[in-house]
Amino acid sequence: MTSATDARPAARRRAGKARAPRPIHVQFRTIVSPHQLNSRWGRRIYWLVLAAVIVLFTLAFVFPLYWMVTGAMKTPEEIAEMPPSLFPARPTTDAFAEAWDLFDIGTLLANTVYYALGAWLFSMAVDVTAAYALSKLRPVFGNVILGAMLATLMIPPMVILIPLYVTIVDLGLLNNPWGLWFPAAANGFNIFLLKRFFDSIPRELIEAAQIDGAGPVRVLWSVVLPVSRPILGVVSIFTIVTAFKDFVLPLLVMTDSDKMTISVGLSQTAGAVTQNQVMGGLVIAGIPMIIVFFIFQRHIMAGLTAGSIKG
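Residues numbered from 1 in each chain as written. Predicted model: local features only at pLDDT ≥ 70, side-chain atom pairs only at ≥ 80, totals over all residues. Heavy atoms only, no water.

What follows concerns the overall build of the protein. When helices and strands are counted, the protein shows 16 helices and 0 strands. Considering the protein as a whole, with its 311 residues, one finds that 31% of them fall into the buried category. For the protein, long-range pairs separated by at least 24 residues make up 73% of all intrachain contacts whose partners lie at least 6 apart in sequence. Total accessible area on the protein stands at roughly 20,500 Å², and carbon and sulfur atoms take up 69% of it. (Helix = DSSP H or I, 4+ residues; strand = E, 2+ residues; numbered from the N terminus. Buried < 20%, exposed > 50% of the residue type's maximum accessible area, 1.4 Å probe, protein only. Contact = heavy atoms within 4.5 Å. Areas by Shrake-Rupley, 256 points an atom, 1.4 Å probe, with all protein chains shown as cover.)

Structure representation (structure tokens):
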């Protein structure tokens, strides 16, 4: 007869066998299975498709820039040729110097930089404080206010253009930089980006500063802003680029020729010059934003993903 002492090890062995983990079978639900992808022909087809997609997308984005630069190096007769040629027969850079003088690009660029910097300063002051209040101060109906701001992103800009213009006229802001700076500050997308980043800042940092006697403004200046440089850089880039390339609102607000932005100034004079001179002016106008992109391209993605993961 089996004793109770002998039965306990057998029971433990049976329990151990019952608790043994089962092997996990991973199922790949893709168009191409990993086995086919790792085969010789699978790797070749994969790299061929990848190279084709990269080349096509590169051409789609780079070819307009190439066409604009080479068009400025052609003569007006070459531009009018049908079918058009991909390479200028006798490339020349005279159109760039002519466009600089004919369009008065120096003045237009100075105006645009002035408006863009003002829009950036005013937008940062409004958007940062609004996002900080919604994220850390948590006012009454804060979520409702944020939802209303995000709802404005669903409205096409052309729908509110006429009410915005009427408001600017009623306030007497025509040919006034504030007519461009006030609308630039009301940006729900920037507020949303900033709030998401501020939400990821540990609450302990805020509480430690408050224990030391810091008020809300001091906490924003000494705690929140120093750790928010990535998202501040992204919002700054978006604001400056938007102000630099904006066309419709500066066309309506800045009607004096000596106060126009570069996009408006080029369009107003384009009918009186040749096409290669227009393209030369467009190339010069696009150089500042291309430089800004190449300098800050890493900060764009870093700032967009900085507040997306908590922990």
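Geometrically, the link from methionine 82 to proline 83 is a cis peptide bond, its omega value of -5° lying close to zero. With a phi angle near 50°, arginine 138 is a residue other than glycine that sits in the positive phi range. By the secondary structure assignment, arginine 138 is in the loop between helix H6 (105-137) and helix H7 (142-151). The exposed category is assigned to arginine 138, whose relative accessible area is 61%.

Our next topic: the packing of helix H10 (residues 188-199) against helix H13 (residues 229-245). Relative to each other, H10 and H13 sit at 175°, their axes nearing to 10 Å. Between H10 and H13, the crossing angle belongs to the class labelled roughly antiparallel. Within the contact between the two elements, H10 uses Phe189, Asn190, Leu193, Leu194 and Phe197 and H13 uses Ile231, Leu232, Val235, Phe238 and Thr239. When grouped by side-chain class, the residues that make up the contact of H10 with H13 number 8 nonpolar, 2 polar and no charged. (Axes fitted to C-alpha atoms, helices over the stretch in contact; angles between N-to-C directions. Parallel < 35°, antiparallel > 145°, perpendicular 65-115°, else oblique. Nonpolar A, V, L, I, M, F, W, Y, C, P; charged D, E, K, R; others polar.)

For the rest of this paragraph, the subject is the confidence of the model for the protein. Mean pLDDT over the protein stands at 80; residues scoring 70 or higher make up 84%. A low-confidence stretch, residues 307-311 stays under pLDDT 50, and its non-local contacts, those more than four residues away or across chains, total 6 contacts. (pLDDT = per-residue confidence, 0-100.)

For the rest of this paragraph, the subject is a negative patch on the surface. Taken together, Asp94, Glu98, Asp101 and Asp104 make up a surface patch of like negative charges. Along the chain, glutamate 98 falls in helix H5 (residues 94-102). (Patch = residues over 30% accessible without salt bridge, like charges linked within 9 Å, V, L, I, M, F, W, Y side chains within 5 Å. Salt bridge = Lys/Arg side-chain N within 4 Å of Asp/Glu carboxyl O. Lys, Arg positive; Asp, Glu negative; His and termini not counted. Charge placed at Lys NZ, Arg CZ, Asp CG, Glu CD.)

What follows covers the packing of H6 against H10. Where H6 meets H10, the axes come as close as 8 Å, and the angle between the chain directions of the two elements is 45°. Between H6 and H10, the interaxial angle falls into the category oblique. Relative to H10, H6 is oriented so that their crossing is right-handed. Contact residues: H6 offers Ser123, Asp127, Val128, Ala130, Ala131, Tyr132, Leu134, Ser135 and Lys136, while H10 offers Asn190, Ile191, Leu194, Lys195, Phe198 and Asp199. For the contact of H6 with H10, the residue count by class is 8 nonpolar, 3 polar and 4 charged. (Left-handed = near helix turned anticlockwise from the far one by under 90°.)

This paragraph deals with the side chain of serine 236. Inspection of the secondary structure assignment puts serine 236 in helix H13. Residue classification places serine 236 among the buried residues on the basis of a relative accessible area of 12%. Within polar-contact distance, the side chain of serine 236 engages the backbone oxygen of leucine 232 at 2.6 Å. (Polar contact = N/O pair within 3.5 Å; in protein donor to acceptor, adjacent residues only side chain to side chain.)

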